[in-house]
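# Analysis of the macromolecular model
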Amino acid sequence: MNIANHHVVRLHYSVSEAGGEAIESSRGREPLAVLIGHQALIPGLEEALLGRAAGDRFEVTVAPGKAYGERRPGLVQRIPRKHFKDHRLQVGATVVVPTQMGPRPVTVEKIGLSVVDVDLNHPMAGKTLVFDVEVLEVREATAEERDHGHVHGEGGVQH
Ligand code: ZN
């Protein structure tokens, strides 16, 4: 079965910055299960998956415009330090914190006595990413999964 919209795909992936070290990988843990055509993946990766089948392994290079977007300068927010009590604070570290746009991963830019300046750009914004993808399984989504817009069962939402 070739991957198309409304298919559920289970896959393993590694992602690195072009010419750099691996940033993250699903290998060694549960594969990722995604519903195609529901914005579950960055556009460049979803496009590269269309037409592939179980057993395919490929590499795809995705420019920022089809990944996490360009880095926007000046996207800094000042957050009370108490929100970081569970984190080891370090400049350059990525942490998930409550922001005006909801909880999101941010990069610590400056640490003050009572406040911390964070960069709200997605940590992978502005980066050209290289994905190494292995398609493990492809199946039709159930009517319920299409309704909900996410995968149920293994690797998906349990409810
Ligand atoms: Zn559901």
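Please read these numbers as outputs of a predicted model, since none were measured by experiment. (Residues numbered from 1 in each chain as written. Predicted model: local features only at pLDDT ≥ 70, side-chain atom pairs only at ≥ 80, totals over all residues. Heavy atoms only, no water.)

### A word on the domain arrangement of the protein
Annotation of the protein at the domain level lists domain 1 (7-68 + 125-142) and domain 2 (76-119). Look at where the C-alpha atoms of domain 1 and domain 2 centre, and you get two points 28 Å apart. (Domains from an automatic or database assignment.)

### Quick look at the packing of aromatic side chains
A full pass over the atoms with the stated rule returns 0 aromatic pairs. Between R52 and the ring centre of F58, over which it is positioned, the NZ or CZ distance is 3.8 Å. (Phe/Tyr/Trp six-rings, centres within 6.5 Å; stacked < 30°, edge-to-face > 60°. Lys NZ or Arg CZ within 6 Å of the ring centre and 35° of its normal.)

### Considering the side chain of N121
By secondary structure assignment, the location of N121 is in the loop between β8 (115-119) and β9 (129-140). Residue N121 is classed as buried on the basis of its relative accessible area, which comes to 3%. Here R72 takes part through its backbone oxygen, which lies 2.7 Å from a polar atom of the side chain of N121. Here D119 takes part through its side chain, which lies 2.8 Å from a polar atom of the side chain of N121. Not counting residues up to four positions away in its chain, the partners in contact with N121 are E70, R71, R72, L75 and P105. (Helix = DSSP H or I, 4+ residues; strand = E, 2+ residues; numbered from the N terminus. Buried < 20%, exposed > 50% of the residue type's maximum accessible area, 1.4 Å probe, protein only. Polar contact = N/O pair within 3.5 Å; in protein donor to acceptor, adjacent residues only side chain to side chain. Contact = heavy atoms within 4.5 Å.)

### A word on the side chain of E46
Secondary-structure assignment places E46 in helix α1 (residues 43-49). K66 provides the closest opposite charge to the buried, salt-bridge-free E46, at an N-O distance of 11 Å. Those residues within four positions of E46 in sequence are excluded, and the remaining contacts are N5, I36, G37, H38, Q39, A40 and L41. (Lys, Arg positive; Asp, Glu negative; His and termini not counted. Salt bridge = Lys/Arg side-chain N within 4 Å of Asp/Glu carboxyl O.)

### Quick word on the coordination of the zinc ion
Within the first shell, the zinc ion binds the protein through H148 (ND1), H150 (NE2), H152 (NE2) and H159 (NE2), at distances of 2.0 to 2.1 Å. If you look at the zinc ion, its 4 donor atoms make angles of 100 to 123° with each other, and the shape they trace is tetrahedral. Ordering the donors of the zinc ion by residue number gives the pattern H-x1-H-x1-H-x6-H. A relative accessible area of 25% means that H150 is categorised as partly exposed. (Donors = N, O, S within 2.8 Å, 3.2 Å for Na, K, Ca; no water. Tetrahedral: all angles 85-135°; square planar, octahedral: opposite > 155°, others 65-115°.)

### Here's the deal with the pairing of strand β7 (residues 102-111)
Pairing geometry for strand β6 (residues 94-99) and β7, over 6 bridges, is antiparallel. When the bridges of β7 are listed, T99 appears paired with G102. Here β6 folds back onto β7 in antiparallel fashion, the turn holding 2 residues. Both β7 and β8 contribute to a ladder of 4 bridges, which runs antiparallel. Its bridge partner lying in β8, K110 is registered against D117. (Pairing = 2+ DSSP bridges.)

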